[in-house]
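Per-entry structural report
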Amino acid sequence: MKKSTPYVLLGPALLFTAFVLVYPLFQNLINSFKDVSLVRSGGGWVGLRNYAHVFDDSLFWLSFRNTAVYAVAGTLLALLIGLGFALLLNLKIGRISHVAAALYTIPWVISPVVAGFAWKWLLNDNFGIVNHWLSSAGIARGGFAWLGDPRTALFCVIVARVWQFYPFAMVMFLAGLQAIPLEQYEAAAVDGATPLRRFFHITLPNLRSISSVLLLLGVIWSFNDFNMVFVMTRGGPINSSMVLPVLVREFSFVHFDLGKGSALSIVVFTLLLFLSLLYLRVAPRKDAT
Amino acid sequence: MRQKALSALILALISLSCGPKTGVVEIHDWNFGGMPKLMEWLRQRVDSFERRYPGIKVVQSQKSWNMIRELLYADFSAGAGPDVVNVHANYAAEFGEAGHYYPLNKFPDFEEVRKWYVPHFLQSTRYKDNYYGLPSSAIAFVLVCNKDLFDKEGIAPPKTWSQFREAAKRLTKDTDGDGVADQHGLVLLGGDKGGFAYRLAPFLYKAGVNIMSEDLTRIEFNSPRGVATVKLFADMYQLDHSITPGFLAYTLSEMNDLFCSNRAAMSIEGPWFRGMVGEKSPGKDFYAVPVPVPDDMVDQYDTAPTLQDMVMYSINARSKHLNEAWELVKYLRNEEADMAWIRNDLGAIATTDYALNSPEAKQVRDLPMYVNELKHARPWPAHPNIIAIANNVIAPYGQKAIVGELSPQEAMDQAADEARRIIEGKK
């Protein structure tokens, strides 16, 4: 085989990647320094003006806060629930464990758009099952507008996000649990350690690297999540659940200010790049022993 | 050898499937929104057009009503887009100014064609000295009152603001006795910014409020009457609790569900609503009446303007087949075609004198009321930034005032400031 053959074979894939990833990224970067609008002529270089407009916009800071809450709270809750289910499934109570494992992973395989619409109907103030259950149980009076109330809309999308992400955490934790050597538990039992102590001193330390990876992945994916929020609330009501990916669309395709939209997407990209680099440092390396 | 032959066969098939038929012009026609019945009628009309003009093939596409601006701007800016499109007439100014629509008055027979239409309908498609569309259907925003609930309560549809507020209060009830109102006087569309603005504007217009000055240089919707209009809704929401609490999340479909299930007594709608309600709840009836006016304007109840919306057929200025596109637009919008709006409930009002004055028109329910409302109605101001102002300024600030995040005065003043910055090109 010639020395150049691998490069020739890789060529089409690299060209395709450059076309669909590198070119749009660079074009976006260029647009972020230009006055680009779909509704008026422009196109001149404006330096950092678009970035200044983004950081001057109170909606950016509100969206940034919402995104951080959505990403961190959503991921932490999903991790806790995922760990709980993984611990239950690890008990291996006959065939039911297999059935439960399959059932628990359903939310993960449902498209976020479909899930978003389903949650929208579940939380509907007049016809939703959530209000029906809450009022039937006497917990709350019916008719609460979960998605129509600026105080609860973000909380609702976080719940939907947790529901969608916890199965992934569960599967990863389950794999981690099954990799813990049984000898560690046996030795601890011989030493008289209670189940709680075994959990905190054996299980959790063994799951530390998986937890870090999951936390970072969850935050990265949530930071970038457009579908769930857009389908459920479109960032409303009155911007109370506005997150950065939806705001990029708002700037670019509602206000048609592509320059500002591009600047914001570069800001989001930079944040995600930082998180991704962190992930690469945290993720277990293949050559690690 | 066999591989070469197979490759040649695949290439031949690809070129055959991709290439246009010789001598046939392909016209792309985008339709935004519309009821299934209208879509079916359009398909039949296009089939008939293709039989009449064998050299023209029409490719129809159905697009989301909520995505009009995004889709058109994205395509037009790239120098692409459909040859023919039917959209709101208030896009005439915005897209006409941007050079995306072809001025139809440049076609030699335009003077003949324009005679088909009710003159003020055609005016809605005009921006500066050009006409950028042929009216497709007209819409006047009115108040729809749930007949079951109004009759049960023994009240008539309201004509004034105080009657409106009182009716909404009386029709807000806890019907199942759980201590929470499950029937509300009014439902508003809050989950769609454009839809919300289109429901606030009829009340502003009926109260004599101008969105902008006649010369389109000043913002005027924060006048005392403009603030009073928003305060009316804010009081209904915050004090009377007669507006559905979750309105900020509602889309048209959720509003329809509430109305059909007797959980909402009133809504601000148009001629499409009877078809929508009929589809969901056959046999359900409602009163369609003009939008109420302030108490001191009761003598102008039938004559004060509501919001007029018009759908028009326009032609892409970059179309390579302008003449063929023009033939298609005329065929879809001529007097004969317009009769379809009289014979079927297509969700809007006919726009030609011929159809509106036909004997069959007398049988159409609510038509005289809609024709009268349309006679006085006003469209959004013909300013290129009006859609941005309606969707991104009037709607969010109006919502903030209604739920009490800002006072009506603060909301309207801040909205006016923002709108001013938009028309001055500072935002």
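Residues numbered from 1 in each chain as written. Chains lettered and ligands numbered in written order. Predicted model: local features only at pLDDT ≥ 70, side-chain atom pairs only at ≥ 80, totals over all residues.

**Considering the environment of B:Asn86**
Residue and element names in this part refer to chain B. So the rule is basically this: Counting from the N terminus, the helices are DSSP H or I runs at least four residues long and the strands are E runs at least two residues long. Field definition: a residue is buried when 20 or more other C-beta atoms are found within 10 Å of its C-beta, exposed when 12 or fewer are, and partly exposed for counts in between, with C-beta atoms placed from the backbone. Residue pairs are scored as contacts if the distance between their C-beta atoms, which are placed from the backbone, is within 7 Å.
The topology assignment puts asparagine 86 in strand S3 (residues 84–88). The class of asparagine 86 is buried, set by 25 C-beta atoms lying within 10 Å. Those residues within four positions of asparagine 86 in sequence are excluded, and the remaining contacts are Asn31, Phe32, Ser136, Val311, Met312 and Tyr313.

**What about the nonpolar core?**
Burial of nonpolar side chains together is a common tendency in soluble globular proteins. Formally: As used here, a nonpolar core is made of buried Ala, Val, Leu, Ile, Met, Phe, Trp, Tyr and Cys residues. They are joined through C-beta atoms within 7 Å. Where each domain starts and ends follows an automatic or database-derived domain assignment.
In terms of nonpolar packing, the biggest core is built from 195 residues, with A:Val157, A:Ala169 and B:Ile394 touching the most fellow members. Among the elements that take part in this core, helix H8 (residues 153–178) of chain A stands out by supplying 15 residues, more than any other. In terms of domain composition, this core takes at least three residues from each of domain 1 (14–138 + 309–376) and domain 2 (142–306 + 385–423) of chain B.

**Some thoughts on the sheet that holds strand S10 (residues 286–289) of chain B**
Hydrogen bonds along the backbone pair up the strands of a sheet, which may run parallel or antiparallel. Residues and elements named next belong to chain B. Threshold: Strand pairing is assigned whenever DSSP detects at least two bridges linking the two strands. Here an angle of 0 to 180 degrees is reported between the N-to-C directions of two axes, which are lines fitted to C-alpha atoms, with helices fitted over the stretch in contact.
With mixed pairing, four strands are arranged side by side in an open sheet as S8-S9-S7-S10. Unpaired on one side and paired on the other, strand S8 (184–186) and S10 mark the two borders of the sheet. Averaged over neighbouring strand pairs, the angle between their axes works out to 20° when direction is ignored. The sheet contact formed by strand S7 (residues 142–146) and strand S9 (residues 264–269) spans four bridges and is antiparallel.

**Here we look at the packing of helix H3 (residues 58–89) of chain A against helix H11 (residues 208–223) of chain A**
Residues and elements named next belong to chain A. Put simply, the test is: Angle categories are assigned with fixed cut-offs, so that under 35 degrees is roughly parallel, over 145 is roughly antiparallel, 65 to 115 is roughly perpendicular, and the rest are oblique. Crossing handedness is defined as follows: a turn of the near helix away from the far one that is anticlockwise and smaller than a right angle gives a left-handed crossing, while the clockwise case is right-handed.
Contact pair H3 / H11: the axes reach a minimum separation of 8 Å and the direction vectors enclose 140°. Taken together, the axes of H3 and H11 are oblique relative to one another. Classified by chirality, the crossing of H11 by H3 is right-handed. Where H3 abuts H11, its residues Thr67, Tyr70, Ala71, Val72, Gly74, Thr75, Ala78 and Leu79 lie against Ser211, Leu214, Leu215, Gly218, Val219, Ser222 and Phe223.

**A closer look at the pairing of S9(B)**
Residue and element names in this part refer to chain B. When you tally the buried positions in S9, you get six out of six residues, the bulk of the element. As judged from the two bridges shared by S8 and S9, these two strands associate in the parallel manner. Pairing of leucine 186 across the sheet is with methionine 266, part of S9.

**Re the interface of chain B and chain A**
We apply this condition: Charged means Asp, Glu, Lys or Arg here, nonpolar means Ala, Val, Leu, Ile, Met, Phe, Trp, Tyr, Cys or Pro, and polar covers whatever is left, Gly included.
On the side of chain A, 21 residues touch chain B, which itself brings 25 residues to the contact. Among the elements of the structure, helix H3 (68–77), helix H11 (252–260) and helix H18 (386–403) of chain B are those that each provide at least two residues to the side of chain B that touches chain A. In terms of residue class, the side of chain B that touches chain A is made up of ten nonpolar, seven polar and eight charged.

**Quick look at the sheet that holds strand S1 (residues 25–32) of chain B**
Residues and elements named next belong to chain B. One open sheet accounts for five strands, arranged S2-S1-S3-S11-S6; its pairing is mixed. In this open sheet, the two strands that pair with only one neighbour each are strand S2 (56–63) and strand S6 (134–140). Between one strand axis and the next, the sheet turns by 15° as a mean value, whatever way the strands run. Sheet topology note: the S1/S3 ladder contains three bridges and is parallel. Within S3, the position partnered with aspartate 29 by the bridge is valine 84. Against the sheet, helix H2 (residues 36–52) touches S1 and S2, its axis set at about 170° to S2.

**Comments concerning the pairing of S3(B)**
All names here are of chain B. Buried residues dominate S3, accounting for five of its five residues. With five bridges joining them, S3 and strand S11 (residues 308–315) adopt antiparallel strand pairing. Looking at the pairing, valine 84 lines up with isoleucine 315 of S11.

**Examining the environment of A:Met1**
Within the secondary structure layout, A:Met1 lies in the segment before helix H1 (5–31). Along the backbone, A:Met1 and A:Ser241 are 240 residues apart, and their C-alpha atoms lie at a distance of 57 Å.

**Details of helix H6 (residues 112–122) of chain A**
Residue and element names in this part refer to chain A. So the rule is basically this: The arc under discussion is defined with respect to the helix axis, by the directions toward the C-beta atoms.
Every buried residue of H6 is accounted for by Ala115, Gly116, Trp119 and Lys120. Looking down the long axis of H6, one finds its buried residues gathered within 140° of arc, a one-sided arrangement. Turned more than 90 degrees away from the buried face of H6, the exposed residues are Val113, Val114 and Trp121. For H6, the elements touching its buried residues are helix H5 (106–109), H8 and helix H12 (227–232).

**Focus: the domain arrangement of chain B**
All names here are of chain B. Once the domains are mapped, chain B shows domain 1 (14–138 + 309–376) and domain 2 (142–306 + 385–423). Placing the centre of domain 1 and that of domain 2 at their C-alpha centroids yields a distance of 29 Å. In this assembly, 17 residues from domain 1 lie in contact with 16 residues from domain 2. Of all the secondary structure elements, the ones that give two or more residues to the side of domain 1 that touches domain 2 are helix H4 (91–97) and helix H17 (367–376). Ranked by residue count, the leading element in the side of domain 1 that touches domain 2 is H17, at five residues. In terms of residue class, the side of domain 1 that touches domain 2 is built from six nonpolar, five polar and six charged.

**Here's the deal with the environment of B:Gly96**
Residue and element names in this part refer to chain B. Following the sequence through the fold, glycine 96 ends up in helix H4. Taking the C-alpha atoms as reference, glycine 96 lies 8.2 Å from proline 384; in sequence the two are 288 residues apart. Apart from the residues within four sequence positions on either side, glycine 96 is in contact with Tyr101, Tyr127, Asn130 and Tyr132.

**Quick word on unusual backbone geometry**
Of note, the bond from A:Gly236 into A:Pro237 is cis; its omega dihedral lies within 30 degrees of zero at -5°. Checked against the element boundaries, A:Pro237 lands in the loop between H12 and helix H13 (244–254). With phi around 60°, B:Asn262 is a residue other than glycine that occupies positive phi space. Tracing the chain through its elements places B:Asn262 in the loop between H11 and S9.

**Points about the confidence of the model for chain B**
The criterion, for reference: By definition, pLDDT measures how confident the predictor is in each residue, and it falls between 0 and 100.
Looking at chain B as a whole, the pLDDT averages 91, with 94% of positions reaching at least 70. Predicted complex, confidence summary: ipTM 0.76, pTM 0.83.

**Notes on H13(A)**
Most of H13(A) sits out of view: nine of its eleven residues are buried. Against the buried residues of H13(A) lie H3, H12 and helix H14 (258–282) of chain A together with H18 of chain B. A:Phe256 sits one or two positions beyond H13(A) and adopts a positive phi of about 60°.

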